[in-house]
Each structure stands twice: as structure tokens, then as C-alpha cells.
Amino acid sequence: RIVDELTGLYSARGLEHLASHHLALASRSKEPVTLVFVRLDRADVDRDEHERRRLVTEAADVLRAAVRNSDVLARVGASSFCVLLTGDASGAEAVVLSRLVEAIAESNARSGRSSQLSVSVGAAAYDPDDPVSLDALIAEADRRLRTGEVGE
């Protein structure tokens, strides 16, 4: 399946399919592309199944509100997402991160519950002059997420 059943976002398979197209376009046009990796924080993942599913769905909605329609948004794991910032992605990472912070704060304020949505984020740039695979981009963004180094 190319669409995730729970969130309605692209699945990892859908991301792989679309990313190969976008990375090829980036290589031809010599425009960089940025991949943003987002993971629900551990406390959210460790909740009961119903609460975890609700938080995953909420995270998907928040991400939808934070990215452009032209970007590729996918759920790539039980509690992780990728956003491929396409087209002229220069500077888009900062805008998306700012919108994401705002959208999470708004969602948490509206919810009025004690368990609030919390995510960690990392990003990696695809350099058309030094191309790498989608898996390598995701691994770099994940490494940056784990080390607290958001992006370049």
C-alpha cells in the first residue's frame, strides 16, 4: 500500500515511490531537496494503543497543517514521519519547523488534556552534486534528530 490506513498519509512505500521521482528531478534541475524526519517523543509512544493511535493521528494532522501541498508527507514507522520538501526547498526547512512548533502548540492548547503531543525533528539536505539514496537521507535526518542537530 502506498497510503497509510490510520493517517491517510503516504506510507513508507509511497514516499519511496514519490521521492525517487523528486530526487531525480532535483538532480536534473540542480535544486536541493530537504528531507525532514519527525518522531513522536518516547513518552507518547509508550502509552496504551488507543492513546498512541490518537497521538499518531493528531501528529499527522499537525504535520498536514505545517507543510505545503507540494511537499510529500508520509508516515514511515509506527511513530515517525518524513516530509520531503520539494521544488525550491531553500529556506523551507525553517518555515516548516516554525509552522510545526506553532501547530503543535495550538493542538496542545485546544486539547485541554494532560498528555500533550511532543515530537523530535531532524533534517538532511539532498545535494544534487553529491547525490545519495533516500535511505541515506533518512538515516542522516534520523542521526541529526537523535543528536539534537536539526539540520544544516
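Keep in mind it's a predicted model, so treat the numbers as computed, not measured. (Residues numbered from 1 in each chain as written. Predicted model: local features only at pLDDT ≥ 70, side-chain atom pairs only at ≥ 80, totals over all residues. Heavy atoms only, no water.)

1. Concerning the pattern of salt bridges
Counted according to the given criterion, the structure contains 12 salt bridges. Residues arginine 144 and glutamate 140 are paired through a salt bridge, measuring 2.7 Å at the closest nitrogen-oxygen approach. Here the residue arginine 144 and the residue glutamate 140 both occupy positions in helix H5 (residues 134–147), the gap between them amounting to 4 residues, near one helical turn. The class for arginine 144 is buried, based on a relative accessible area of 7%. When salt bridges that share partners are traced, they join Arg39, Asp142 and Arg146 into one network. (Salt bridge = Lys/Arg side-chain N within 4 Å of Asp/Glu carboxyl O. Helix = DSSP H or I, 4+ residues; strand = E, 2+ residues; numbered from the N terminus. Buried < 20%, exposed > 50% of the residue type's maximum accessible area, 1.4 Å probe, protein only.)

2. Description of the pairing of strand S2 (residues 72–77)
With 5 bridges connecting them, S2 and strand S3 (residues 80–85) associate as antiparallel partners. Each bridged residue has a counterpart across the sheet, and for leucine 73 the counterpart in S3 is valine 83. What sits between the antiparallel neighbours S2 and S3 is a turn of 2 residues. (Pairing = 2+ DSSP bridges.)

3. Focus: the side chain of threonine 86
Tracing the sequence through the fold places threonine 86 in the loop between S3 and helix H4 (92–111). If we skip the residues at most four places from it in the chain, threonine 86 touches His22, Arg68, Ser70, Asp71 and Val72. (Contact = heavy atoms within 4.5 Å.)

4. Here we look at the packing of helix H1 (residues 12–29) against H5
At a minimum axis distance of 10 Å, the contact between H1 and H5 shows a crossing angle of 100°. The angle between the axes of H1 and H5 places the two elements in the roughly perpendicular class. Of the residues in H5, those touching H1 at Leu15, Glu16, Ala19 and Leu23 are Leu134, Leu137 and Ile138. Considering only residue class, the contact of H1 with H5 consists of 6 nonpolar, no polar and 1 charged. (Axes fitted to C-alpha atoms, helices over the stretch in contact; angles between N-to-C directions. Parallel < 35°, antiparallel > 145°, perpendicular 65-115°, else oblique. Nonpolar A, V, L, I, M, F, W, Y, C, P; charged D, E, K, R; others polar.)

5. So, the side chain of aspartate 4
The topology assignment puts aspartate 4 in the segment before H1. Engagement of the side chain of aspartate 4 in a polar contact is seen with the side chain of arginine 75, the distance being 3.2 Å. Once residues within four sequence positions are removed from consideration, aspartate 4 is found in contact with Leu9, Tyr10, Ser11 and Arg75. (Polar contact = N/O pair within 3.5 Å; in protein donor to acceptor, adjacent residues only side chain to side chain.)

6. Observations regarding the packing of helix H3 (residues 49–66) against H4
Across the interface, H3 lies against H4 with an axial gap of 8 Å and an inter-helix angle of 135°. Considering the angle they form, H3 stands oblique to H4. By crossing handedness, the relation of H3 to H4 is classed as right-handed. Contact residues: H3 offers Glu58, Val62, Leu63 and Ala66, while H4 offers Val96, Arg99, Leu100, Ala103, Ile104, Ser107 and Asn108. (Left-handed = near helix turned anticlockwise from the far one by under 90°.)

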